[in-house]
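Notes for the structure review
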Amino acid sequence: MFSVGCRKYGTLCNLKKVKLMNTDIQVKDFSQPSSYNGSSWANQAISKIKNIEQETVLQYSLLITITVVALVLRFYKLGEWSFWIEEHHSYRHSTNVTLSIENLFNIRRPFYMLSKFTLDYLGWNEFNSRIIPAIVGTITIPVIYWLTKKLFGVWVALLAATLLAISPWHLYWSQNFRFYTLFLLTFNVAFFAFFWGLEKDDIRYFILSIVFIGAAALVQGPVAVFLIPILAMYILLLKLLPFGKPPGLRSKYLVLPIVLLFIGYVVYESYNILLKGNASVISEVYYLFINQSTASFVGYANPYIMLTSVIYYIGTPLAFLALVGTIYLLKEKSRAGLFVAVGAFGLLFIFMVLTLFASTANRYVFMSLPCWIILGSVAIKEMFVGTKSFTTKIVIAGVLFSLLILSLKDPVIEDIIYYSGKDSYFYMFVIAGGMICALAPILFIWLLRAPLQNKYFLALVLSILSLTILHPILSTIMYFNFQHGHRDNWKAVAAVVKESKVDDESLFTFTPQLSDYYIGGQAGEVTASNLETAINSDKSFWLIETEGIDRQIIVGYGEWLVNHCETVGNWDQFTAGRDWRMRAHHCTPNQSNQTHIDTN
């Protein structure tokens, strides 16, 4: 009977003869690996999954599914979020830009031109302004899949595409009227094309890299400059470390890109400065990082803050797995691993050092996100294929234990605890997620029918995978349902103020541009002198309190606010231990002593 069953399902069964009641009966030896599971469809599915390298249709079916999920996430509630100040800058620049050939060669202008064309055709609103970043963010998924597949194979590519599709950091910038998804795409194509130029000994890849470096420079010129030291860092490490030398690591191939880049830079600067009268790229870099604060809402004052903020947006499990993947690839002396590790950790290191003497923000490390995801995907894949090794089993157990320890202080877990106290149904979601983490390994083990001695370690690997996927899912749910897309809720504030504000009442806010856009009229900027004048006048006024206010006003403001203002609306948010204040106050005139507000 068992022999017939084996032929029927197309499996290879390991058979033993057992003497039972003086009769020879053939029974299956369950101590050995087998793909038999009592179901032909399951058996065929497992066979296809195990041989996915040859299953082109399955590969692209999964990729299409992942891309569709990414598309849905990036367009979900796309127009619901209010603009934040940098999105308003993009809105203003897009309004003023002209559709002309000459603007194609000015920094950031191509993005604004494309946005203006889209908005003129579809209408000027939040949803339409974010269509291009959302589409570019979605397109990035199959591009990163293709780049990863060439380096590490199908499994790592599918994992990387999945993790990028659900990445909260990538989702946020895909739903942002800014150019960062386009910058990430052009930056990474240039980055990986250079690697293939070295590996394939093919000048065409170097030319492709130069073209996309130029494209990245037109999207975000000052930050694109940092691609050069990253590539130089990789070449230097190849010279110093025993990783073997790629065939394209020759002087004539390295000098040509440098010469072409230098010529392109000189031609561009000559056109930009002499003919157009614009600022040079060098001055743009100085202006962006040295001469002003690039993050009006938060400062990154030291390397530690930069490091922790980047890890928060990448996700603690994924960042830790990227470190594990880096250690494995360096141990294997993989040039591809060294290259991707330089892209991830090298760029972060540069900006951590930059915080010591310049103003910067974690969004400039955003373009390294695919490298972090690829390294983490390599770690997960290698854990799956290496479960027979005792050393690997110890490493897997250590990785899971470390992830559990790190989760105790993970910022996303802090967010969950904060919001679970406000909405009881969130507890149910966390419990459901935990059940999925527990049941998924059991289901996969049952289907794969792994040998008994490997089942427990396979369960550990699947638990790591489940945690890595569940983490961004939880973060994304909070992003959509609790944190208003990580932006102040100006639409809600505008609805309250418009309904209650009297015409002759003044309005003050730390970001008057957003107030003018959503509420209308001329809002006054919150400064110590402006607010002191309003407080000591004989007219009531409105105050929109946002996070930046305490930078301008410290002494005297809080006490007066409690005594003389009524809080009409509160839309505060909590993200990673940080309160995003957003409140509307109606303040009465000062009836007694003059109030003095100091700044410090």
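The written sequence of each chain sets the order in which its residues are numbered from 1. For this predicted model, a pLDDT threshold of at least 70 governs which residues receive local features, and a threshold of 80 or more governs which side-chain atom pairs are given and counted, while totals over whole chains, interfaces and linings are taken from all residues. Note that the side-chain values use all heavy atoms of the structure and ignore hydrogens as well as water.

**Topic: the nonpolar core**
Which entries qualify depends on this criterion: Here the nonpolar core consists of buried residues drawn from Ala, Val, Leu, Ile, Met, Phe, Trp, Tyr and Cys, with membership extended through side-chain atoms lying within 4.5 Å. Classification of residues uses two cut-offs on accessible area relative to the type maximum, computed with a 1.4 Å probe and protein chains only: under 20% is buried, over 50% is exposed, and between them is partly exposed. Contacts are residue-level and defined by heavy atoms, with any inter-residue pair within 4.5 Å sufficient.
Core analysis: the biggest nonpolar cluster contains 117 residues, and Phe-152, Phe-192 and Phe-351 have the highest contact counts within it. Residues contacting Phe-152, with those up to four places away along its chain left out, are Leu-329, Ser-334, Ala-336, Gly-337, Val-340, Ile-374 and Val-378. Judged by nonpolar contacts, the second largest core, of 13 residues, contains Val-324, Ile-380, Ile-396 and Ile-464.

**Thoughts on the packing of aromatic side chains**
Inclusion rule: Aromatic contacts are taken between Phe, Tyr and Trp rings whose centres are within 6.5 Å, Trp giving its six-membered ring; a plane angle under 30 degrees counts as stacked, one over 60 as edge-to-face, and the others as tilted. We count a stretch as a helix when DSSP gives it H or I for four or more residues in a row; a strand needs E for two or more, and each element gets its number in order from the N terminus. Criterion for a charge above a ring: Arg CZ or Lys NZ at most 6 Å from the ring centre, at most 35 degrees from the ring normal.
Summed over all chains, the structure comprises 35 aromatic pairs. Geometrically, the ring pair formed by Phe-111 and Phe-179 is edge-to-face, given 6.0 Å between the ring centres and 85 degrees between the ring planes. Highlighted residues: Phe-111 in helix α5 (residues 109–122) and Phe-179 in the loop between α9 (168–174) and α10 (180–200), separated in sequence by 68 residues. By the burial criterion, Phe-111 is buried, and Phe-179 matches it. Here Phe-351 and Tyr-364 contribute two aromatic rings whose centre-to-centre distance is 6.2 Å and whose plane-to-plane angle is 25 degrees, an arrangement assigned as stacked. Within this pair, whereas Phe-351 is found in helix α17 (residues 335–354), its partner Tyr-364 is found in the loop between α17 and α18 (369–385), the two being separated by 13 residues in sequence. The class of Tyr-364 is buried, set by a relative accessible area of 2%. Lys-150 extends its terminal NZ or CZ atom over the ring of Trp-196, reaching a point 4.7 Å from the ring centre.

**Some details on the pattern of salt bridges**
Put simply, the rule reads: Salt bridges, as used here, are contacts in which a Lys or Arg side-chain nitrogen is within 4 Å of a carboxyl oxygen on Asp or Glu.
Per the stated rule, a full pass over the model turns up 11 salt bridges. Where Glu-86 meets Arg-363, a salt bridge forms, and the shortest distance between an N and an O atom there is 3.1 Å. Separated by 277 residues along the polypeptide, Glu-86 in helix α4 (residues 85–96) and Arg-363 in the loop between α17 and α18 bring together distant segments of the chain. Taken individually, Glu-86 and Arg-363 each receive the classification buried, so the pair is uniform in this respect. Of the charged contacts in the structure, one is a salt bridge between Lys-381 and Glu-382, with a shortest N-O distance of 3.5 Å. Salt bridges linked by common partners bring Glu-86, Arg-178 and Arg-363 together as one network.

**A few points about the confidence of the model for the protein**
Cut-off, in case you're wondering: The predictor rates its confidence in each residue with pLDDT, a number between 0 and 100.
Across the protein, the average pLDDT comes to 78, with 71% of residues at or above 70. In this model, residues 1–39 is a region of pLDDT below 50 whose contacts with residues beyond four sequence positions or in other chains number 49 contacts. Counted against residues more than four places away or in other chains, residues 292–300, with its pLDDT under 50, gives 31 contacts.

**Description of the pairing of strand β3 (residues 506–509)**
The cut-off we apply is this: We call two strands paired when DSSP finds no fewer than two bridges between them. When the strands point away from the viewer, a crossover counts as right-handed if the path from the first strand over the helix to the second runs clockwise.
Bridge count between β3 and strand β5 (residues 541–546): 4 bridges; the pairing is parallel. Bridged to Phe-508 within β5 is Leu-543. Bridging between β3 and strand β4 (residues 524–525) involves 2 bridges; their strand directions are parallel. In the sheet register, Phe-508 faces β4, and the bridge partner there is Gly-524. In this region the chain leaves β3, passes through helix α24 (residues 512–518) and returns to the parallel neighbour β4; the handedness of that crossover is right-handed.

**Observations concerning the sheet that holds β5**
Rules: A fitted line through C-alpha atoms represents every axis, and for helices the fit uses only the stretch in contact; the resulting angles, taken between N-to-C directions, go from 0 to 180 degrees.
Spatial ordering of the open sheet is given by β4-β3-β5-β9-β6, a layout of 5 strands whose pairing is mixed. A strand with exactly one partner marks an edge of an open sheet, and here the two such strands are β4 and β6 (565–570). Looking at chain direction, β5 and strand β9 (residues 582–587) are connected through 6 bridges and run antiparallel. Paired with Leu-543 across the two strands is His-585, which belongs to β9. Docked against the sheet, helix α23 (residues 490–500) engages β3, β5, β6 and β9, running at close to 170 degrees with respect to β5. Strand contacts of helix α25 (residues 528–535): β3, β4 and β5, with the helix running at about 145 degrees to β5, the strand carrying the most contacts.

**Comments concerning the packing of α17 against α18**
Threshold: By the definition adopted for this analysis, an angle is roughly parallel if under 35 degrees, roughly antiparallel if over 145, roughly perpendicular if from 65 to 115, and oblique otherwise. A crossing counts as left-handed when the near helix is turned anticlockwise from the far one by less than a right angle, and as right-handed when that turn is clockwise.
At a closest axis distance of 8 Å, the pairing of α17 and α18 adopts a crossing angle of 130 degrees. The orientation of α17 relative to α18 falls into the category oblique. Crossing of α17 over α18 shows left-handed handedness. Touching Gly-337, Val-340, Ala-341, Gly-343, Ala-344, Phe-345 and Leu-348 of α17 are Cys-371, Trp-372, Ile-374 and Leu-375, all from α18.

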